[in-house]
Amino acid sequence: MTENLPDKNVLSQALAIVRDVPDTELAINRLRDFLGVDHVVYVLLKPGAAPYVRLTYPAAWILRYLQRGYTTIDPISREGSKRSLPFKWSEVPLKDSAEASFFEDACSHGIGPRGYSVPLNEHGYKGIFSISFSRSEQEWADFLQSTQRILIQIAEQLHRRVVGEIFGEVTAPRRLE
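Conventions we followed
- Residues numbered from 1 in each chain as written.
- Predicted model: local features only at pLDDT ≥ 70, side-chain atom pairs only at ≥ 80, totals over all residues.
- Heavy atoms only, no water.
- Buried < 20%, exposed > 50% of the residue type's maximum accessible area, 1.4 Å probe, protein only.
- Helix = DSSP H or I, 4+ residues; strand = E, 2+ residues; numbered from the N terminus.
- Pairing = 2+ DSSP bridges.
- Salt bridge = Lys/Arg side-chain N within 4 Å of Asp/Glu carboxyl O.
- Core = buried A, V, L, I, M, F, W, Y, C linked by side-chain atoms within 4.5 Å.
- Axes fitted to C-alpha atoms, helices over the stretch in contact; angles between N-to-C directions.
- Parallel < 35°, antiparallel > 145°, perpendicular 65-115°, else oblique.
- Left-handed = near helix turned anticlockwise from the far one by under 90°.
- Contact = heavy atoms within 4.5 Å.

Student: Give me the lowdown on the pairing of strand E1 (residues 39-45), citing residues and values where you can.
Tutor: Extensive coverage of E1 is indicated by the burial of 6 of its 7 residues. Strand direction decides the pairing type here: E1 and strand E5 (residues 125-133), joined by 7 bridges, are antiparallel. By the bridge assignment for E5, Tyr 42 is matched with Phe 129. Both E1 and strand E2 (residues 52-55) contribute to a ladder of 4 bridges, which runs antiparallel. Directly across from Tyr 42, in E2, lies its bridge partner Arg 54. Between E1 and E2, which pair antiparallel one after the other, the connecting turn spans 6 residues, and Gly 48 there sits at a positive phi close to 85 degrees.

Next comes the structure, spelled out in structure tokens:
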């Protein structure tokens, strides 16, 4: 995937997926495959509206997450709502043993252990775009070094698309540099 393509080519192909694939869930799945990551998650939060969630996590993990009440424990969700800059999951301080257990449980269900999240906030519409990665630490470092800027632009474009689709407020797309 990305290791053989120049950055602009990777970016233009990824943004084409976001722009041209008519179903957002299918676009998320295609982004996961194109980027060569384990999972992609996008969540849009708007006060007074139900969260909009599209993800590639296995059904067993989604069920467990809901049954165990992980919405109140998930440190990535917590940090994503507080931060304005992208972050690696390894940078997130764990507050207690429940958060450490959450990460262990997530890993046992094929989520992580490495991840990267991009908090999004445009015109009052907050969101978070995350990827998870289970290969070696060196592969992770190489992947992030070559795609970090691209991931941010993908997240921003996806966020604009979903806000436009859900709330009818389309913002002007940013130009590629």
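Read on for the rest.
Student: Go over the pattern of salt bridges, please, and point to the residues and values.
Tutor: Scanning the entire structure with this criterion turns up 12 salt bridges. A salt bridge links Arg 64 to Asp 105, with the nearest nitrogen and oxygen atoms 2.6 Å apart. A residue pair is termed long-range when its members are at least 10 positions apart, and Arg 64 in helix H3 (residues 59-67) and Asp 105 in helix H5 (residues 97-108) qualify at 41 residues. Look at Asp 105 and you get buried, because its relative accessible area is 9%. Where Glu 139 meets Arg 135, a salt bridge forms, and the shortest distance between an N and an O atom there is 3.9 Å. In this structure Glu 139 comes out as partly exposed when scored by relative accessible area, which is 39%. One salt-bridge network, held together by shared partners, links Arg 78, Glu 79, Lys 82, Arg 83, Glu 91 and Glu 99.

Student: Please provide a residue-by-residue account of the nonpolar core, values included.
Tutor: With 34 residues, the main nonpolar core has Tyr 42, Phe 129, Ile 131, Phe 143, Leu 151 and Ile 154 as its most contacted residues. Residue assignment for this core shows that the elements contributing at least two residues are helix H1 (7-20), helix H2 (24-35), E1, strand E4 (114-122), E5 and helix H6 (137-167). Counting residues in each nonpolar core, the second largest holds 15 residues, with Val 43, Ile 76, Trp 89 and Ile 128 among its members.

Student: Break down the packing of H3 against H5 for me, with residues and values.
Tutor: For the pair H3 and H5, the least separation of the axes is 10 Å and the interaxial angle reads 160 degrees. It follows from the interaxial angle that H3 and H5 lie roughly antiparallel. For the pair H3 and H5, the sense of crossing is right-handed. Residues Trp 61, Arg 64 and Tyr 65 of H3 touch H5, and the partners they reach there are Phe 102, Asp 105 and Ala 106.

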